[in-house]
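Letter by letter, the chains look like this.
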Amino acid sequence: MSMIAIDQVSKWYGTFQVLTDCTTHVNKGEVVVVCGPSGSGKSTLIRCVNALEAIQQGTIVVNGMALTDPKTNLSRLRSHVGMVFQNFELFPHMSVTDNLTIGQIKVLGRPPDEAVARGLKMLERVGLKAQAGKYPGALSGGQQQRVAIARALAMDPICMLFDEPTSALDPEMVNEVLDVMVELATEGMTMMCVTHEMGFARKVADRVIFMDQGRIIEDAAKEDFFGTPRSERAQLFLSKILKH
Amino acid sequence: MYEFDFSSIPGALPILGAGLLVTLKLTGVAIVVGIVWGTLLALARLSGNRLLGTMAAGYVNLFRAVPLVMVILWFYLIVPTLLKDWAGLGQGTDIRMASALVAFALFESAYYAEIIRAGVRSVPQGQVNAARALGMTYTQTMRLVVLPQALRNMLPLLLTQAIILFQDTSLVYVIGLADFFGAAYKVGDRDGRLVELLLFAGAVYFVLCFGASLLVRRLQKRIAV
Ligand SMILES: Nc1ncnc2c1ncn2[C@@H]1O[C@H](COP(=O)(O)OP(=O)(O)O)[C@@H](O)[C@H]1O
Ligand SMILES: [Mg+2]
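Residues numbered from 1 in each chain as written. Chains lettered and ligands numbered in written order. Predicted model: local features only at pLDDT ≥ 70, side-chain atom pairs only at ≥ 80, totals over all residues. Heavy atoms only, no water.

Engineer: Explain the side chain of Q143(A) residue by residue, including any values.
Structural biologist: All names here are of chain A. Relative to the assigned elements, Q143 resides in helix α5 (residues 141–153). From its side chain, Q143 meets the backbone nitrogen of S140 in a polar contact 3.0 Å long. In contact with Q143, not counting residues within four places along its chain, are L128, Q131 and E176. (Helix = DSSP H or I, 4+ residues; strand = E, 2+ residues; numbered from the N terminus. Polar contact = N/O pair within 3.5 Å; in protein donor to acceptor, adjacent residues only side chain to side chain. Contact = heavy atoms within 4.5 Å.)

Engineer: Please give an account of the packing of aromatic side chains that cites residues and values.
Structural biologist: Summed over all chains, the structure comprises 12 aromatic pairs over all chains. Where F107(B) meets Y111(B), the ring centres are 5.3 Å apart and the plane angle is 40°; that geometry is what we call tilted. Of this pair, F107(B) and Y111(B) are both found in helix α4 (residues 95–121), four residues apart, which corresponds to roughly one turn of the helix. Looking at F107(B), the relative accessible area reads 5%, which means it is buried. Accessibility expressed as a relative area gives 24% for Y111(B), which makes it partly exposed. Counting every residue linked through ring pairs, the aromatic cluster contains W37(B), Y59(B), F63(B), F107(B) and Y111(B). Looking at R151(A), its charged tip hangs above the ring of F91(A), at a distance of 4.6 Å from the centre. The positively charged end of R64(B) is found above the aromatic ring belonging to Y111(B), 5.5 Å away from the centroid. (Phe/Tyr/Trp six-rings, centres within 6.5 Å; stacked < 30°, edge-to-face > 60°. Buried < 20%, exposed > 50% of the residue type's maximum accessible area, 1.4 Å probe, protein only. Lys NZ or Arg CZ within 6 Å of the ring centre and 35° of its normal.)

Engineer: Before we move on, can you summarise the sheet that holds strand β9 (residues 207–212) of chain A with the specific residues and values?
Structural biologist: In a beta sheet, neighbouring strands pair by backbone hydrogen bonds and run either parallel or antiparallel. All names here are of chain A. Taken in spatial order, the six strands of this open sheet run β6-β7-β8-β3-β9-β10, and their pairing is mixed. The outermost strands of the open sheet, each flanked by one partner alone, are β6 (81–84) and β10 (215–221). When strand polarity is set aside, the average angle formed by the axes of neighbouring strands in this sheet is 15°. In terms of strand pairing, β6 meets strand β7 (residues 159–163) through four bridges, oriented parallel. Within β7, the position partnered with M83 by the bridge is L161. The strands touched by α5 within the sheet are β6 and β7, with β6 carrying the most contacts at an inclination of about 170°. (Pairing = 2+ DSSP bridges. Axes fitted to C-alpha atoms, helices over the stretch in contact; angles between N-to-C directions.)

Engineer: Summarise the interface of chain A and chain B; cite the residues concerned and give the values.
Structural biologist: Tallying the contact residues gives 21 residues for chain A and 17 residues for chain B. Summed over both partners, the interface of chain A with chain B buries about 1,600 Å², with 63% contributed by carbon and sulfur atoms. Counting across the chain A and chain B interface gives zero salt bridges. Scanning the region where chain A abuts chain B turns up four residue pairs in polar contact (both at pLDDT 80 or more). Every element with two or more residues in the side of chain A that touches chain B is listed here: α2 (74–79), β6 and α3 (96–106) of chain A. Here the residues of the side of chain A that touches chain B are counted per class, giving 11 nonpolar, five polar and five charged. (Buried area = accessible area lost by both parts, 1.4 Å probe. Salt bridge = Lys/Arg side-chain N within 4 Å of Asp/Glu carboxyl O. Nonpolar A, V, L, I, M, F, W, Y, C, P; charged D, E, K, R; others polar.)

Structure (structure tokens):
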């Protein structure tokens, strides 16, 4: 069964069509990497999956719930879909612990002591237990992103969405974040990751999606994608980013 | 040469103190109501709802385009009738104070609304997305994530507005309410020492406002870190 089913999705910003007829399914436990040139609609697509953006055509069904169905409680759905952003987006006015517990307490209604225990467990998992009392501003970029991942995990997500989680990081901090993501992937988390880290894709992705100008140009098993991408544009794109 | 004589001030301190209390009460109520009502107005304008937004914008623009003195006078003329019609009050209550409180609160709300609106817009959209992605409702997102950060960004402006308000309360002299300025004027008039009393009142306003603005500046530096 598909955890995330995106079918014939189109989206416009005013008259500008940002997504055109996108279709792809992510099965439970699958790791799908989304890549493509800047401005191709990757962020938009992934934000549509938890309804941070509305779609005008097509359907998106997450864990059996249709986002376009007016009966679907979108806040409730989002609370089960973890999301990690390019710029971390930790809440700067809260300590790390409060960042980890606020959603659990206010959205899931967990008792505070339970939420703290769960939050600290996730913090330990990303190797940052000692930073619990600090504020996000006192952490490095890599540490902030790991806290952001822990914050999402503390909500017991059924799947995780990543939008270029390492592209705002200094090079020496990229791996500490990728390591956490690799571990998640090998544990069977369903993941949809926008990233240009092809090493990560090679290691854990099941499939790679290539987007250009709002369309899904290529949706292939990892071996096929890195073997011989069918489209010229994907070949060109790959040759460009693999040179580095 | 004019001979200064400040000897009537010590005896007048109780009257002046009572006046200062009126000034502080007006300032305090206008700040609290202004921030609460101003926040609602700001959220209405930011909501994206056409009707709410237009109504809030109309309110803000109206009050910001009319002199405060006139607003004070309007409410002095309107509030008594309203109180009689609605609550059957009017005999025992202090009409001057009640109407001034209403006038300042509603007038200041318009200014606070604009400060708060700018403050909310200073919080990056990514913070809203992160809160929504955790499953927070619109209200939770505002209350827990956006407003606390907005408040921090706009605190210096809010305090500066409060200082201006503190001075503007002296305008209640037009309805004969004895605030600090009004009390000083009355005492000076009574004792024939208007110049001394107004100098003294001016000095008090200066010390309080300048002290407060120094505090704001220090606060600004601390927040900036
Ligand atoms: N809020 C918006 N309003 C209008 N256009 C937007 C908005 N957000 C993104 N776009 C446009 O949509 C296109 C796709 O953006 P995005 O999904 O961020 O691309 P990517 O993540 O692949 O770089 C870009 O051309 C961008 O300028
Ligand atoms: Mg993007």
